[in-house]
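Structural overview
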Amino acid sequence: MTSAASWRTRTAARTAAVLLTALTVAGLAGTSASAAAVPVVTCPSSSCTSLVTGLGEPVDAAYDTRDNAYLTYQNGELRTVNLVTGARSTVATGLGNLRGIALDGTGSAYVGDFDGNLREVDLATGQQRLLASGLGALHAIAHSGTTIYATGGSGKLYEVKESGTVRVVASGLGLSQGIAVDGRGGAYTADMFTGRILRTDLTTGATRTVATQFYEPTSISVAADGQVYFAVGNEVTRLNPDTGVGTQVASVRGLNFFAFKLDRNGNAYTTQVTGTGSLWKIANLVPRR
């Protein structure tokens, strides 16, 4: 199976012309903005700033409400860095070939690895607890209430309780590098193989296709406005989950990123996938309403 690092390399290598062609083919039916009208975000600039450098090659990141980022690495390390002071430390090691991460807001992180293990890590002590294993390569993690949701390389969406109980919510979802829970009983995933944006009912497992034909979508998030945001290369799209209409909201220039995550205020955080590794903030990527 292709690793997350190779996906990042492929994404970073694409030219802007190829990206725009792919988006034109995708159609973005019903979009009111043309490609020429898409807001351009230039990095660096007043709206796109580098917060921390020298991070190496993190695979995924999660952010708390105290300006800390938690980064996963393929060598099994979980590291933290403060976005204001730049202070950094290693939280835990020996966690396997790490992929996704989610925080529960009460002092724990949940990390998944390429060998199908899901672990809980105490962020204060670094102690780890194996919650589940044998799940297949795990790519994306989300936490809601007392439940962890994870996407597997076999196209499955797993529900794992903090007690360790595992349930397969749905299958046939393809390869999704991101997962977003909407707070209304649903989870959104983006299939990089087929370009589908999917919504799965977390109770019944029923899955519906919200949109299709996007070229290798990543970084899916649900914002405070209830809309779904994801990236296609360096182009950010807002998707109305009820109508399936997609609108390009930003074209990020000067920054090769694989994934971004939105905070409650509509700011995006992402890691640069080339160079020595840096973490960036894109302010007000999602306009406040």
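Predicted model, so just to flag it, every value in this text is computed and none were measured.

**Description of the sheet that holds strand β2 (residues 48–53)**
Within the open sheet, the 4 strands sit side by side as β2-β25-β24-β23. Their pairing is antiparallel. Looking at the sheet topology across the chains shown, the edges are occupied by β2 and β23 (257–262). Averaged over all neighbouring strand pairs, the angle between strand axes comes to 25 degrees, with direction disregarded. Judged from the 4 bridges that link them, β23 and strand β24 (residues 268–272) form a sheet pairing that is antiparallel. Note that in β24 the partner of Leu-262 across the bridge is Ala-268.

**Quick look at unusual backbone geometry**
Between Cys-43 and the following residue, Pro-44, the backbone shows a cis peptide bond with an omega angle of 0 degrees. Here Pro-44 lies in the loop between β1 (40–42) and β2. The phi dihedral of Ser-219 is positive, around 60 degrees, even though this residue is not glycine. Mapped onto the secondary structure, Ser-219 falls in strand β19 (residues 218–222). Note on Ser-219: relative accessible area 5%, which makes it buried. One non-glycine residue with positive phi stands out, namely Asn-284, at about 55 degrees. Mapping Asn-284 onto the fold places it in the segment after β25 (278–282). Note on Asn-284: relative accessible area 46%, which makes it partly exposed.

**A closer look at the packing of aromatic side chains**
Scanning the model with the defined rule gives 3 aromatic pairs in all. Aromatic pair Phe-214 and Phe-230: ring centres 5.0 Å apart, planes at 80 degrees, arrangement edge-to-face. Placement of the pair is Phe-214 in the loop between β18 (207–211) and β19 and Phe-230 in strand β20 (residues 228–232), with a sequence separation of 16 residues. Here Phe-214 and Phe-230 have matching classes, each one buried. Geometry around Tyr-73 places Arg-79 over its ring, the cationic atom sitting 3.8 Å from the centre.

The rules behind the values
- Residues numbered from 1 in each chain as written.
- Predicted model: local features only at pLDDT ≥ 70, side-chain atom pairs only at ≥ 80, totals over all residues.
- Heavy atoms only, no water.
- Pairing = 2+ DSSP bridges.
- Helix = DSSP H or I, 4+ residues; strand = E, 2+ residues; numbered from the N terminus.
- Axes fitted to C-alpha atoms, helices over the stretch in contact; angles between N-to-C directions.
- Buried < 20%, exposed > 50% of the residue type's maximum accessible area, 1.4 Å probe, protein only.
- Phe/Tyr/Trp six-rings, centres within 6.5 Å; stacked < 30°, edge-to-face > 60°.
- Lys NZ or Arg CZ within 6 Å of the ring centre and 35° of its normal.

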